[in-house]
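# Observations on the model geometry
Listed below are the residues making up each chain.
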Amino acid sequence: MGNIKRREFLKGSSAAAASALLFNNLSANSLISGPVANKSKSISGSHFGAFRAHVKGGQFTGVTAFEDDPNPSPMINALPSRTYAKTRVEYPMVREGFLKHGHKSDTSKRGTEKFVRVSWEKALDLVASEIQRVQKKYGYKSIYAGSYGWYCTGKLHNPQTLMNRMMKISGGYVGRIGDYSTGAAQIILPHVLGSIEVYEQQTSWPLVLKHAKNVVFWGANPLVTCQIEWDVAGHGAFPYLEQLKKAHKKGQIDVYSVDPVKNDTAMYFDSTMIKPKPNTDVAMMLGMMHYLHTTKQYDEEFIKKYTVGFKDFEDYLLGKVDNTPKTLKWASNICGVKEEEIKKFAQTLKDKKSMLMAGWGVQRADHGEQFHWTLVTLACMLGQIGVPGCGFGFSYHYSNGGTPSSHAPGLGGISTNINSSRQGPWTKYEPYNIPCARMVDMISNPGKVIDFNGRKIEYPEIKMVYWTSGNPFHHHQDRNNMIEAWKRLETFIVHEPHWTPTARMADIVLPATTEIERNDIEIIGDYNSSHIIAMKKAIEPVKESKDDYEICRLISKRLGYEKEFTDGKKTQMDWIKEFYNNSKMQGENKGIKMPSFEEFWEKGYVKFEVRKEDKNFTRYEKYRQNPMLHPLGTPSGKIEISSRVIKKFNYDDCLHYPSWIEPAEWLGSKESKKYPLHVLSPHPKYRLHSQLSNTWIRDLYEVNGREPIWINPEDAKKRGIKNGDIVKVYNKRGSTLAGAIVTNNVLPGVVKMDEGGWYDPKEPGKDKTMCKHGDVNQLTIDKGTSKLAQGNISNTALVEIEKYTKQAPEITVFDKPAIV
Ligand SMILES: Nc1nc2c(c(=O)[nH]1)N[C@H]1C(S)=C(S)[C@@H](COP(=O)(O)OP(=O)(O)OC[C@H]3O[C@@H](n4cnc5c(=O)[nH]c(N)nc54)[C@H](O)[C@@H]3O)O[C@H]1N2
Ligand SMILES: Nc1nc2c(c(=O)[nH]1)N[C@H]1C(S)=C(S)[C@@H](COP(=O)(O)OP(=O)(O)OC[C@H]3O[C@@H](n4cnc5c(=O)[nH]c(N)nc54)[C@H](O)[C@@H]3O)O[C@H]1N2
Ligand SMILES: [Mo]
């Protein structure tokens with residue numbers, strides 16, 4: 001069924017239940033797939049995939065998927081609708097109070113006051129003078145410009161780097177370390193494995209299919225999450241997922257999903273489900289390892305040859321440290337999975353060749369560092385690391401990891417390097433960065449000192465926040481706390497194509513273009529780099545919007561440093577050509593012939609060959625062959641099951657070996673008496689976070705006009721909730737409405753509400769006002785994972801739910817805000 005048809009089907013059926021039903025059927029039956037190719041149209045690319053644009057009378061009217069995409073995402077169909085959404089910011093806009101009073105305005109009026117349209121001249125002058133004022137009065141450590149978020153892909157139009165480049169020119173800024181995706185894992189894994197692991201190529205899918213007898217999706221949902229890539233999505237993993245399904249059906253490979261939610265991947269494979277309570281996987285794995293240890297089934301050889309520090313962990317496992325052996329019974333009591341089931345799972349992983357594919361949702365939780373560390377330790381005890389098709393992998397669910405790499409040169413992009421013989425404000429700037437998910441904590445607590453990976457970081461006093469391309473008023477945890485913090489800022493500037501919840505909170509909003517309105521260049525496939533693609537401008541910028549490049553250039557000009565910003569280049573195409581030609585030169589050094597820039601641009605892409613050795617890539621193969629010759633990047637050169645470096649940090653919330661530490665809130669904590677449901681907020685199937693919500697695609701999933709929440713029939717019955725009901729979800733931090741989907745696909749005691757729902761306050765400006773629409777971050781906790789990584793803990797939160805019996809308020813966030 002095509003997307004348009006689906007939509008019509010939905011229109012005709014008033015009940016939300018239809019949406020729920022359709023949602024589940026679609027996931028169970030098919031690989032998610034979109035339209036077919038048409039080679040004649042203008043080519044471009046997006047996080048959702050490469051496509052050719054249909055343009056009629058200067059309007060972007062439709063897409064056909066790029067002919068080399070083996071499994072296009074249906075989301076590309078929503079791109080025209082996104083381009084002309086009602087929420088487009090059409091002109092530069094300033095909050096009324098800010099226009100009158102500047103930085104002395106009443107900042108509690110953000111998100112409530114009307115906006116005033118101004119000319120570009122006026123808006124740019126205002127921004128430039130604000131930057132200069134704040135730089136001069138408070139210094140660069142008072143400007144937070146760590147902008148995080150998923151801007152349209154492209155090597156030139158990276159709004160964050162462009163803005164950072166401009167800010168550097170103006171004297172500097174406070175930036176960020178890390179991301180929301182893998183905040184915990186990317187800090188712990190270098191201590192354990194010597195690499196960040198989460199953004200690295202995986203053992204190739206062909207080898208997994210050839211050798212593995214068990215494939216485990218551990219808190220991973222590639223069927224949904226591999227639709228998206230950071231560069232242009234290539235969807236290379238989907239044909240392998242299809243082959244895995246066939247092998248599973250024939251009984252050749254067993255497929256497991258360890259997840260409190262039966263997600264789309266589990267439905268597609270009809271996986272054997274293991275359902276631990278949220279945030280308790282570490283306890284379950286400890287039980288598995290205790291069993292393997294006490295039955296002498298673990299790989300002592302592997303531990304001896306390839307790891308260090310097992311002894312400290314072993315003492316903990318056996319209860320010598322705390323008088324608590326981590327037995328199956330102990331584990332079962334915590335995670336809720338039956339002892340027999342845990343044992344059987346451990347046994348099959350031991351008996352057969354197994355590949356553990358772990359996602360990242362599990363580490364977006366309190367003490368999230370422990371999950372990946374414990375899983376590596378389990379994999380060491382199983383002893384299959386570095387064996388073709390076996391061991392573990394932390395990026396099969398992301399950007400189509402495991403799709404064999406092509407023999408391609410790299411492709412560079414815009415940077416913050418300033419080539420200038422002149423002296424300027426940037427010369428004295430020294431980078432100052434904070435862990436990105438501590439942003440609100442920083443704004444609320446100037447002067448506070450936090451621990452981070454063995455260092456101390458002092459929070460500066462932030463007066464101005466500048467955001468280009470991100471939606472922090474969806475992505476950050478504990479919305480109401482964030483709204484309070486924001487009142488402390490004098491100035492908040494945003495570049496956005498849309499009136500997102502973030503743009504609505506701004507003092508100055510500059511309308512930005514999207515990929516279809518500008519030229520750029522990008523790679524297809526983050527890991528496999530199958531192509532370099534021309535992202536061609538197909539339409540003129542919508543209304544008065546400008547490219548972030550142009551906006552930053554014009555501001556730099558006002559600061560007196562246009563040449564430093566443009567690097568002396570006349571046009572955007574000069575940059576694009578430079579990126580391509582550098583890549584071409586690199587290619588030549590590798591013996592790869594690439595066409596001239598003009599030929600490439602004309603054809604629209606260059607495709608690269610995949611060599612046999614890349615199809616046979618096994619992660620840690622060399623290490624396994626000879627750990628002395630190929631040591632890891634850890635201090636010992638080996639896998640560190642306990643870490644001396646972390647021991648020296650002496651943290652109470654991250655010991656020097658993997659351990660079970662109770663999360664701030666979970667189904668076993670006191671808090672669960674008052675708020676008995678654990679809310680998980682995984683990534684949405686039909687959106688990229690909050691993106692595309694403002695298109696017809698919302699019709700595919702919303703329930704009664706709200707974001708869906710999955711609730712188990714048992715929990716629904718207790719509360720008198722039926723499929724399709726509007727419900728209120730709440731805890732002490734906040735509340736939101738949602739539409740109930742009653743389903744056995746969540747464990748009793750667990751509810752699931754995707755991240756990315758647009759925050760739509762019932763009474764803007766009122767303390768802790770309810771969200772009408774379904775922003776899950778009303779409910780989440782703003783706390784770091786631990787002193788080690790300070791990642792976000794969005795999957796650690798308890799809530800209660802009740803049926804909403806009042807008249808449901810109208811959704812207004814998908815209309816324009818009030819404009820004078
Ligand atoms: N509860 C909960 N919260 C989460 C998560 C979770 O699992 N649970 N996940 C976290 C994770 S992993 C992530 S990555 C974040 C995602 O958080 P974000 O990346 O902030 O979310 P997006 O909705 O993708 O927002 C990107 C914004 O950039 C804008 N944009 C796109 N292209 C351009 C451009 O060219 N120029 C400009 N100026 N703007 C542009 C879009 O319109 C959109 O509003 O959310 C985090 N938050
Ligand atoms: N379609 C689509 N694809 C995307 C994105 C998107 O927004 N939409 N976002 C992209 C981005 S930025 C990122 S970071 C990745 C995110 O990739 P992930 O972080 O892996 O994705 P999530 O959906 O957050 O979580 C995956 C699974 O973990 C499960 N889970 C959560 N908590 C627990 C737990 O305690 N134990 C166990 N065993 N399982 C748990 C969830 O139920 C879910 O099924 O996806 C990328 N791909
Ligand atoms: Mo992410």
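Bear in mind the structure is a predicted one, so any value in this text is a computation, not a measurement. (Residues numbered from 1 in each chain as written. Chains lettered and ligands numbered in written order. Predicted model: local features only at pLDDT ≥ 70, side-chain atom pairs only at ≥ 80, totals over all residues. Heavy atoms only, no water.)

### A short note on the site of ligand 1
Taken together, 34 residues are adjacent to ligand 1, and Trp150, His475, Glu496, Asp548 and Ser690 come closest. Contacts to ligand 1 include Trp150, whose backbone N or O atom sits 2.8 Å from an oxygen atom. One nitrogen or oxygen atom from the side chain of Ser690 is found 2.4 Å from an oxygen atom belonging to ligand 1. Surface burial for ligand 1 is 98%, taken as the share of its 910 Å² of free accessible area covered by protein chains. For the shell around ligand 1, the elements supplying multiple residues, two or more each, are α19 (472–475) and β18 (491–496). (Near = heavy atom within 4 Å. Polar contact = N/O pair within 3.5 Å; in protein donor to acceptor, adjacent residues only side chain to side chain. Areas by Shrake-Rupley, 256 points an atom, 1.4 Å probe, with all protein chains shown as cover. Helix = DSSP H or I, 4+ residues; strand = E, 2+ residues; numbered from the N terminus.)

### Brief notes about the UniProt feature "binding site: Mo-bis(molybdopterin guanine dinucleotide)" (unreviewed entry) in the protein
As annotated in UniProt, the feature "binding site: Mo-bis(molybdopterin guanine dinucleotide)" (unreviewed entry) corresponds to Trp150, Arg364, Asn471, His475, Arg518, Asp548 and Asn777 in the numbering used here. Spanning 628 residues, the named residues are also spread out in space, since their farthest C-alpha pair is 34.9 Å apart. Looking at where Trp150 falls in the secondary structure, it is placed in the loop between β6 (143–144) and α6 (159–170). Assignment of secondary structure puts Arg518 in the loop between β19 (508–511) and β20 (520–524). Among all residues touching Arg518, those that are not within four sequence positions of it are Cys152, His157, Thr513, Met535, Lys536, Lys537, Asp547 and Asp548. Among the polar contacts listed, one links the side chain of Arg518 to the backbone oxygen of Thr513, at a separation of 2.9 Å. (UniProt positions renumbered as here; feature names shortened; annotations may be inferred. Contact = heavy atoms within 4.5 Å.)

### Quick look at the site of ligand 2
Close to ligand 2 lie 32 residues; Asp259, Asn279, Asp281, Arg364 and Arg687 are nearest. The separation between a nitrogen atom of ligand 2 and a polar main-chain atom of Arg687 is 2.7 Å. Here His689 contributes a backbone N or O atom positioned 2.9 Å from an oxygen atom of ligand 2. Computed on the free molecule, ligand 2 has an accessible area of 910 Å², of which 99% lies beneath the protein chains in the complex. Within the shell around ligand 2, the residues separate by chemical class into 15 nonpolar, eleven polar and six charged. Counting residues domain by domain, the shell around ligand 2 receives three or more from each of domain 2 (185–404 + 622–649) and domain 3 (670–803). (Nonpolar A, V, L, I, M, F, W, Y, C, P; charged D, E, K, R; others polar. Domains from an automatic or database assignment.)

### A look at the sheet that holds strand β24 (residues 677–680)
Spatial strand order, β24-β28-β25-β27-β26-β29: six strands in a closed barrel with mixed pairing. Averaged over all pairs of adjacent strands, the angle between their axes in this sheet comes to 45 degrees, without regard to strand direction. With five bridges joining them, strand β26 (residues 726–730) and strand β27 (residues 735–742) adopt antiparallel strand pairing. Note on β27: the bridge partner recorded for Tyr730 is Ser735. (Pairing = 2+ DSSP bridges. Axes fitted to C-alpha atoms, helices over the stretch in contact; angles between N-to-C directions.)

### Side note on the side chain of Lys536
The topology assignment puts Lys536 in the loop between β21 (531–535) and α22 (548–559). Although Lys536 lies buried, it forms no salt bridge, and the closest oppositely charged side chain, Glu602, sits 5.6 Å away as judged by the N-O distance. Contacts of Lys536, omitting those with residues within four sequence positions, involve Ser42, Ile43, Ser44, Ile516, Arg518, Asn519, Trp601 and Glu602. (Buried < 20%, exposed > 50% of the residue type's maximum accessible area, 1.4 Å probe, protein only. Lys, Arg positive; Asp, Glu negative; His and termini not counted. Salt bridge = Lys/Arg side-chain N within 4 Å of Asp/Glu carboxyl O.)

### A word on the pattern of salt bridges
Taken as a whole and judged by the stated rule, the model has 54 salt bridges. Residues Glu484 and Lys487 are paired through a salt bridge, measuring 2.7 Å at the closest nitrogen-oxygen approach. Of the residues examined, Glu484 reaches a relative accessible area of 39% and is grouped as partly exposed. You can call Lys487 partly exposed: its relative accessible area is 30%. A salt bridge links Lys569 to Glu578, with the nearest nitrogen and oxygen atoms 3.0 Å apart. Look at Glu578 and you get partly exposed, because its relative accessible area is 32%. Each of the salt bridges in this network shares a partner with another, and the network as a whole consists of Arg95, Arg110, Glu113 and Asp507.

### Examining helix α7 (residues 185–193)
The buried fraction of α7 is high, at eight of nine residues. Regarding α7, the residues found buried are Ala185, Gln186, Ile187, Ile188, Leu189, His191, Val192 and Leu193. In the core, the buried residues of α7 are packed alongside α17 (369–382), β13 (391–393), β15 (449–452), β23 (639–640) and α28 (644–649). With its phi angle positive at about 80 degrees, Gly194 sits one or two positions after the end of α7.

### Topic: the environment of Lys728
As for its position among the elements, Lys728 is in strand β26. Taking relative accessible area as the criterion, Lys728 reaches 24% and is therefore assigned partly exposed. Contact partners of Lys728, with chain neighbours within four places excluded, come to Ser735, Thr736, Leu737, Met770, Glu800, Ile801, Glu802 and Tyr804.

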